[in-house]
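Structural description and commentary
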Amino acid sequence: MNDVSDELMIPVLRALHNEQVIAYPTEAVFGLGCDPDSEVAVNRLLALKQRPWQKGLILIAADFSQLTPYIDDDALSDEQKATMFSTWPGPVTWVLPAKPTTPQWLTGQFSSLAVRVSDHPLVIALCQRYGKPLVSTSANLSGQPPGRSVQDVFQQFGDRFPVLRGDVGGRTNPSEIRDVLTGELIRQG
């Protein structure tokens, strides 16, 4: 956590605390993120992405404990938990039952929530410093390719957009998405 400079981290943390949307590198592409507990911030992200709220969102975290306020892990069998934990930290997103208290601006039309524990060092440092998970969706405007560099993000969102500068993890495809209850593959990684 201490290997990421305050010079890089402070501007994006300030933006998050001010209910702004930020961009940050993940395993494959830059992500757009915001405070998952701020309806204002999530609505800004959805408007920026031109994404309908009904689709739901992904939360990305430094560790599983950051996700427990949002998901009902008691609904999972030991085998389901073992399968999930065997892929984390890493680029696999799991759809889990959401707690009834989880805001609809995160779950969309579903009673579940997509979550991931990242192995990207900048994501880990950012979530640790912020003290909670972030909303995570690819950093691109609707119909455009996801950004893979700081320059890509600036081209789509402007050069004043708050970006945690760093490199993506080198994976070609965005995270795989699976349903933890059924094992169903929702998106190929």
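The rules behind the values
- Within each chain, residues carry numbers counting from 1 in the order of the written sequence.
- This being a predicted model, a pLDDT of at least 70 is required before a residue's local features are given, and a value of 80 or more before pairs of side-chain atoms are given or counted; all residues contribute to the totals for chains, interfaces and linings.
- Calculation of side-chain values draws on the structure's entire complement of heavy atoms; hydrogens and water are dropped beforehand.
- UniProt positions are given in the numbering used here, feature names are shortened, and annotations may be inferred rather than shown by experiment.
- Strand pairing is defined by DSSP finding a minimum of two bridges between the two strands.
- Secondary structure elements follow DSSP: runs of H or I no shorter than four residues count as helices, runs of E no shorter than two count as strands, and numbering proceeds from the N terminus.
- Only centres within 6.5 Å qualify two rings of Phe, Tyr or Trp (six-membered ring in Trp) as a pair; their planes then separate them into stacked at under 30 degrees, edge-to-face at over 60, and tilted for everything else.
- Partly exposed residues are those whose accessible area sits between 20% and 50% of the maximum for their type, while under 20% is buried and over 50% is exposed, using a 1.4 Å probe and protein chains only.
- Axis geometry follows a simple rule: fit a line to the C-alpha atoms, using only the stretch in contact for helices, then measure angles between N-to-C directions, giving values from 0 to 180 degrees.
- Between two residues, a contact is recorded if the distance between any of their heavy atoms is within 4.5 Å.
- For the purpose of counting charges, residues Lys and Arg are taken to be positive, whereas Asp and Glu are taken to be negative. His and the chain ends are not included.
- A pair is scored as a salt bridge if a Lys or Arg side-chain nitrogen falls within 4 Å of a carboxyl oxygen belonging to Asp or Glu.
- Throughout this description, a polar contact denotes any pair of N or O atoms lying within 3.5 Å of each other; where both atoms belong to protein, one of them has to be capable of donating a hydrogen while the other can accept it, and for residues adjacent in sequence the pair is counted only when both atoms sit in side chains.

Per an unreviewed UniProt entry, the recorded name for the protein chain is Threonylcarbamoyl-AMP synthase, and the organism is Samsonia erythrinae. The protein chain has a UniProt comment under Subcellular location (unreviewed entry) that states "Cytoplasm". Taken from UniProt, the Sequence similarities (unreviewed entry) comment for the protein chain reads in full: "Belongs to the SUA5 family. TsaC subfamily."

Bringing the pairing of strand S7 (residues 176–179) into the picture now. Pairing of strand S4 (residues 92–97) with S7 involves four bridges; the strand directions are parallel. Paired with Thr93 across the strands is Ile177, a residue of S7. Taking the residues between adjacent antiparallel strands as the criterion, S7 and strand S8 (residues 185–187) are bridged by five residues, where Gly183 takes a positive phi near 80 degrees.

What follows deals with the UniProt feature "domain: YrdC-like" (unreviewed entry) in the protein chain. UniProt tags residues 6–189 as "domain: YrdC-like" (unreviewed entry). Between the end C-alpha atoms of residues 6–189 the distance is 32 Å, and the span holds 29% helix and 20% strand.

Turning our attention to the packing of aromatic side chains. This structure, assessed with the given rule, holds four aromatic pairs. Relative to Trp88, the ring of Phe64 has its centre 6.2 Å away and its plane inclined at 40 degrees; by these criteria the two rings are tilted. Residue Phe64 is located in the loop between strand S3 (58–61) and helix H3 (78–85), and its partner Trp88 is located in the loop between H3 and S4; the two are separated by 24 residues in the primary sequence. On the accessibility criterion, Phe64 (18% relative accessible area) is buried. In this structure Trp88 comes out as buried when scored by relative accessible area, which is 10%. Put simply, the rings of Phe64, Phe85 and Trp88 touch in pairs and so form one group of aromatic residues.

Taken together, the eight strands give an open sheet; going across it, the order is S1-S2-S6-S3-S5-S4-S7-S8, and neighbouring strands pair in mixed fashion. Because the sheet does not close on itself, it has two edges, and the strands there are strand S1 (22–25) and S8. Put simply, the sheet's adjacent strands are angled 40 degrees from each other on average, direction ignored. In terms of strand pairing, S3 meets strand S5 (residues 112–117) through four bridges, oriented parallel. Bridge pairing in S5 places Ile60 opposite Arg116. Where helix H5 (residues 121–130) meets the sheet, its contacts fall on S1, S3 and strand S6 (134–138), and the angle it forms with S1 comes to roughly 135 degrees.

Right, let's talk about the side chain of Asp179 for a bit. Note that Asp179 resides in strand S7. Despite its burial, Asp179 pairs with no opposite charge, the nearest such side chain being Arg178 at 9.5 Å. For Asp179, the side chain forms a polar contact with the main-chain nitrogen of Leu181, separated by 2.7 Å. Here Asp179 is in contact with Trp94, Val95, Glu184 and Ile186, once residues within four sequence places are set aside.

With that settled, consider the pattern of salt bridges. Per the stated rule, a full pass over the model turns up five salt bridges. Notably, a salt bridge pairs Arg129 with Asp6, separated by 2.8 Å at the nearest N-O pair. Taken as a pair, Arg129 in helix H5 and Asp6 in helix H1 (residues 6–17) lie far apart in primary sequence, 123 residues in all. Using a relative accessible area of 29% as the deciding quantity, one classes Arg129 as partly exposed. Here Asp6 falls in the partly exposed class, since its relative accessible area comes to 44%. Residue Arg116 pairs with Glu27 through a salt bridge whose shortest N-O separation is 3.1 Å. With Arg116 in strand S5 and Glu27 in the loop between S1 and strand S2 (30–33), the pair connects residues that are 89 residues apart, well separated along the chain.

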